[in-house]
Amino acid sequence: MVKFESVFKSFGKKKLFQNLHLELKEGKTTAILGPNGSGKTTLMKMVLGLVIPDRGKVTVGGEDVQKSAGYRKLIGYMPQIPEFPENLTVKDIISMVEDVRKEKAIRTDELLDLLNLERELNKKFSSLSGGTKQKVGALIALAFDAPLLILDEPLVGLDPISAYRLKGFILEEKRKGKTVLYISHIMGEVEELADMVVFLTEGQISFDGSVEKLKEETGKERLEEAVFCLLS
Ligand SMILES: Nc1ncnc2c1ncn2[C@@H]1O[C@H](COP(=O)(O)OP(=O)(O)OP(=O)(O)O)[C@@H](O)[C@H]1O
């Protein structure tokens, strides 16, 4: 579904990715793990076409992300910190994204209910709390029923009930066969959600495989301990 072929990316003198090869399997949930600054968000942004590789190719569903924008309709993206025009209401934001995507946000009602957002619909984005802004980010990412979900730390900052409900929603999407790519630093959550793990260390892949394989290779039963082994 998503493929990185011989990807190089530097920021100034910092050579982050050098000859990165990675394939994310369709219908699987892949967690991108790694220390702060290891390149997780940059990896996601390259799939979204928000960061352009210096060399190499990124494809989504076989389409080169640099050659067309059509593939973006396949993606629902939840950033770490959602940014929308501050003076728009939540309702306006949904309409604005519908206009940009040229499609209806068909799961809006379900998500408004799930995330307890109905009362915020007519409030300006600027007036919302940090957690509520994040819920709006989740709604926008999920309401279009896209087959590929890209989620950057989706549960961080949400109250426990909302986090539990959103996690349940993501699990259901996974059961339905969606491809999910997400970043997390919470190992318990990764154990619940992920089939596959990609572990990055300064732009290098130090592990790419199933959660079971990682535990087997490190001889650890808990993912937290297995990841600690990779780091030490
Ligand atoms: N636009 C940019 N300009 C310069 N350097 C950048 C830019 N974006 C990322 N970097 C650098 O690339 C490296 C990887 O950053 P990235 O945000 O991808 O890491 P991350 O693994 O997502 O980190 P975190 O866990 O802290 O969110 C860091 O050293 C960062 O400073």
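Note that the structure is a prediction, hence the values are computed from the model and not measured.

How each quantity is defined
- All chains use their own residue numbering, which begins from 1 and follows the written sequence.
- Local features in this predicted model are restricted to residues of pLDDT 70 or higher, and side-chain atom pairs are both shown and tallied only at a pLDDT of 80 or more, whereas totals for entire chains, interfaces and linings draw on every residue.
- Neither water nor hydrogens contribute to the side-chain values; these are computed over all heavy atoms in the structure.
- Think of it this way: DSSP has to see at least two bridges between two strands before they count as a pair.
- Helix and strand assignments come from DSSP, with helices taken as H or I runs of at least 4 residues and strands as E runs of at least 2, each series counted from the N terminus.
- Simply put, an axis is a line fit to the C-alpha atoms, just over the touching stretch for a helix, and the angle between two N-to-C directions goes from 0 to 180 degrees.
- Burial here depends on accessible area, computed with a 1.4 Å probe over protein chains only, as a share of the maximum for the residue type. Under 20% is buried, over 50% is exposed, and the range in between is partly exposed.
- Positive: Lys, Arg. Negative: Asp, Glu. His and the chain ends are not part of the count.
- Salt bridge, as used here, is a side-chain nitrogen of Lys or Arg placed within 4 Å of a carboxyl oxygen of Asp or Glu.
- Any pair of N or O atoms that falls within 3.5 Å is considered a polar contact. Within protein, one atom must be able to donate a hydrogen and the other to accept it, and sequence-neighbouring residues count only if both atoms are side-chain atoms.
- Whether two residues are in contact is decided by their heavy atoms, any of which lying within 4.5 Å being enough.

J.: How should the sheet that holds strand β10 (residues 204–210) be read in this particular structure?
T.: In a beta sheet, neighbouring strands pair by backbone hydrogen bonds and run either parallel or antiparallel. Spatially, β6-β7-β8-β3-β9-β10 is the arrangement adopted by the six strands of the open sheet, whose pairing is mixed. The strands lining the two open edges of the sheet, one partner per strand, are β6 (75–78) and β10. Between one strand and the next, the sheet's axes are offset by a mean angle of 15°, whatever the strand orientation. Note that strand β7 (residues 148–152) and strand β8 (residues 179–183) share five bridges and pair parallel. Opposite Asp152, over in β8, you have Ile183 as the bridge partner.

J.: Looking at this model, I keep getting lost on unusual backbone geometry. Mind explaining?
T.: Most peptide bonds are trans, and most residues other than glycine sit at a negative phi. The backbone of Lys102 sits at a positive phi, close to 55°, despite the residue not being glycine. By the element assignment, Lys102 lies in the loop between α2 (90–101) and α3 (108–114). For Lys102, a relative accessible area of 69% translates into the label exposed. The residue Glu202 is not glycine, and still its phi comes out positive at about 45°. When its relative accessible area of 60% is taken as the criterion, Glu202 is described as exposed.

J.: Help me understand the side chain of Lys40 in this model?
T.: Mapping Lys40 onto the fold places it in helix α1 (residues 40–48). Put simply, Lys40 is tucked away with no salt bridge, and the nearest opposite charge, on Glu153, sits 6.4 Å away. A distance of 3.0 Å separates the side chain of Lys40 from the backbone oxygen of Pro35, its partner in a polar contact. Residues within four places of Lys40 in sequence aside, it is in contact with Ile32, Leu33, Gly34, Pro35, Ile183, His185 and Leu200.

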